[in-house]
Amino acid sequence: MLWQVLEGLSRDSAKRLRFVPGVVYADEGAACGQSPEDRAKTVAEAKLVLQSVGFPWHIVALEEVFSLPPSVLRCSAREPVGTEGAYKAAVDSFLQQQHALGEEQQSLPCPPRPPIRAGPPTAGQTEALSTLFSSVETLTAKEELLRTLRTHLILHVARTHGYSKVMMGDSCTRLAIKLMTSLALGRGAFLAWDTGFSDERHGDVVVVRPMREHTLKEVAFYNRLFAVPSVFTPAVDTKAPEKASIHRLMEAFILRLQAQFPSTVSTVYRTSEKLVKAPRDGCAAGTPGPRCLLCMCVLDVDTADSATAFGAQTSSQLPQTQPPVAQAEAPTVSCCCTGMGGARHCCRTEEDPRARVIEQLCYGCRVNMKDLPSLDPLPPYILAEAQLRSQRAEAEQIQEYLLEDREDEDARPGES
Amino acid sequence: MAAPLSVEVEFGAVVNPGKRAVRSLLFDGVKKHQVTLPGQEEPWDIRNLLVWIKKNLLKERPELFIQGDSVRPGILVLINDADWELLGELDYQLQDQDSILFISTLHGG
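Residues numbered from 1 in each chain as written. Chains lettered and ligands numbered in written order. Predicted model: local features only at pLDDT ≥ 70, side-chain atom pairs only at ≥ 80, totals over all residues. Heavy atoms only, no water.

### What to know about the pairing of strand β7 (residues 99-104) of chain B
Residues and elements named next belong to chain B. How we decide: Burial classes: relative accessible area under 20% of the type maximum marks a residue as buried, over 50% as exposed, and values in between as partly exposed (1.4 Å probe, protein chains only). A helix here means a DSSP run of H or I that spans at least four residues, while a strand means a run of E at least two residues long, and both kinds are numbered starting from the N terminus. Strands qualify as paired when DSSP identifies two bridges or more between them.
Most of β7 sits inside the fold, with six of its six residues counted as buried. As paired strands, strand β5 (residues 75-79) and β7 are joined by five bridges and run antiparallel to one another. Bridged to I79 within β7 is I100.

### Focus on the sheet that holds strand β4 (residues 198-199) of chain A
Read from one edge to the other, the open sheet built from three strands follows the order β3-β5-β4 (chain A), with strand pairing classed as mixed. Looking at which strands have only one partner, the edges of the open sheet turn out to be β3 (165-167) and β4 of chain A.

### Things to note about the confidence of the model for chain B
All names here are of chain B. To keep things clear, this is the line we draw: Scored between 0 and 100, pLDDT is the confidence that the predictor attaches to each residue. Here, residues are in contact when the closest pair of their heavy atoms is within 4.5 Å.
On average, residues of chain B carry a pLDDT of 73, and 78% of them reach 70 or more. By mean pLDDT, the top-scoring element of chain B is strand β6 (residues 82-83) (87), and the lowest-scoring one is strand β1 (residues 5-13) (74). Below a pLDDT of 50 lies the segment residues 15-28, which in the model reaches 64 contacts outside its immediate sequence neighbourhood of four places, other chains included. Here the predicted complex scores 0.73 on pTM and 0.74 on ipTM.

### Quick word on the side chain of D83(B)
We apply this condition: Definition of a polar contact: a pair of N or O atoms within 3.5 Å, with one able to donate and the other able to accept a hydrogen when the atoms are protein atoms, and with sequence-neighbouring residues admitted only if both atoms are side-chain atoms.
Checked against the element boundaries, D83(B) lands in strand β6. Under the relative-accessibility criterion, D83(B) is labelled buried at 13%. There is a polar contact of 2.7 Å between the side chain of D83(B) and the side chain of K217(A).

### Brief notes about the packing of helix α6 (residues 172-185) of chain A against helix α10 (residues 264-273) of chain A
Residues and elements named next belong to chain A. What counts, and what does not: Think of each axis as a best-fit line through the C-alpha atoms, taken over the contacting stretch in the case of a helix, with angles from 0 to 180 degrees between the N-to-C directions. Angle categories are assigned with fixed cut-offs, so that under 35 degrees is roughly parallel, over 145 is roughly antiparallel, 65 to 115 is roughly perpendicular, and the rest are oblique. For any pair of crossing helices, the crossing counts as left-handed if the nearer helix is rotated counterclockwise from the farther one by less than a right angle, and right-handed if it is rotated clockwise.
In contact at an axis separation of 9 Å, α6 and α10 are set at 70 degrees when each is read in the N-to-C sense. The pairing of α6 with α10 is recorded here as roughly perpendicular in orientation. Our pair here, α6 against α10, has a crossing hand that is left-handed. When α6 is examined against α10, the residues C172, T173, A176 and L179 are found in contact with a partner set consisting of V265, V268, Y269 and S272.

### Overview of unusual backbone geometry
Residue and element names in this part refer to chain B. Although it is not a glycine, N80 sits at a positive phi angle of roughly 55 degrees. Summarising the element assignment, N80 is placed in the loop between β5 and β6. Notably, E89 is not glycine yet its phi reads approximately 50 degrees, a positive angle. With respect to the helices and strands, E89 occurs in the loop between β6 and β7. Residue classification places E89 among the partly exposed positions, given a relative accessible area of 32%.

### Topic: the pattern of salt bridges
All names here are of chain A. Applied cut-off: The working definition used for a salt bridge is a side-chain nitrogen of Lys or Arg within 4 Å of a carboxyl oxygen of Asp or Glu.
Under the counting rule described, the total for this entry stands at 14 salt bridges over all chains. In this structure, E144 and R147 form a salt bridge, with 2.7 Å as the shortest nitrogen-oxygen distance. Here R147 and E144 lie together in helix α5 (residues 139-160), a separation of three residues that amounts to about one turn. Take E144: its relative accessible area is 8%, and that puts it in the buried class. With a shortest N-O distance of 4.0 Å, D199 and R209 are connected by a salt bridge.

Here it is in structure tokens:
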């Protein structure tokens, strides 16, 4: 994809692309168990390729998720989408800008910026990351977690450096596999965002997938025929057997099917093109519902007032909830719960921080979290944002019941 | 009766920017092999070559590369930079100085 962008930006091409790109490389060696020497080697290789490309480049290590601010998980408001006229105006202003920069600088897509590279991650962060990934029980959950963290990291880099769009290099084959995998993981509600051309769930930064019409075979041939330099790194699931994770299984399934029925991938792809991003029934037009903490899609689980949701949640949580140490309120939990259906927030979730986080996740992310026995190794920004949101929700609830719940409020111990 | 052949066998992978690609770690990290196939009764074709590779070049986990008679689905085979599907796949007969390239498009292998 990088090569194609280069081609598109070059002065000789007929339809010149008009944007200012940068490249980000996320070093995930720690999650994959790579040794520091191997990682350094891979990063050096990547640096060489990035430098030869000439765009401003950023190398970020996955460990930096531990220093991300909770604002990453918030959807920022975006300027309203323009019409045809706005597009022309934007192109014109861009051209004027380039012209103002002077002819001699036009060979560089944007004024040369020093390559932004934070210092190498600290050993503490690397260890925290390996602890996190080794605490995950299944490979499926590991891959999903990696994907989520990587998205947040790239989003953060984009926001900090003022990029409005992120281009991902997902090919047709990869997206077909991703579509089927998402279905299997319970993310069916978000297929349109996960596999569509543009993904605006983050608000100010749009994720686009320009390569989604090219199959992997085409990409492979292109790379080979145009001698595109590549950097190889092991992934989380390298050398794992076929049934190790849902991702691997689905990949093997689709590719094997493709070998027998060559229209498999394109059929799945065409079907994914028909997916429409529609708001949930029952949501007032214009007011988006609460968003998932991790994937930032509008929550697809039943709202709090639904009887089935309450029943399902309570039955799945009661066996798990153990009274934490030094919690005098434990005996009163059961009577509070059965009493008021609407005030479930204030009595159940405060004793169980895990339940508080799980509540804010969509179905797919919840299933994932089941494979994470403890939420402590998660990067602090996730836990902080979860806390903030639940406190905000509690505050809203308490607004209504201010008089009745005065006792509970005073009696709640250890609320920081 | 086939004379000994000299072919070049190479292993590569596809890079997906935005996702990590995988080195074919099955072959000790060595990407290009100049191979001399011994003379034998039947002419050398890709089918025999795969058997030979399995016996001599694959260091571990053969099932990640070879499946049954052929390569695993998801591994592209290029013979002299041309898709092997155009040349008869397994039945293509090797010529001297041919270049065979295996590209893995799989995520974890």
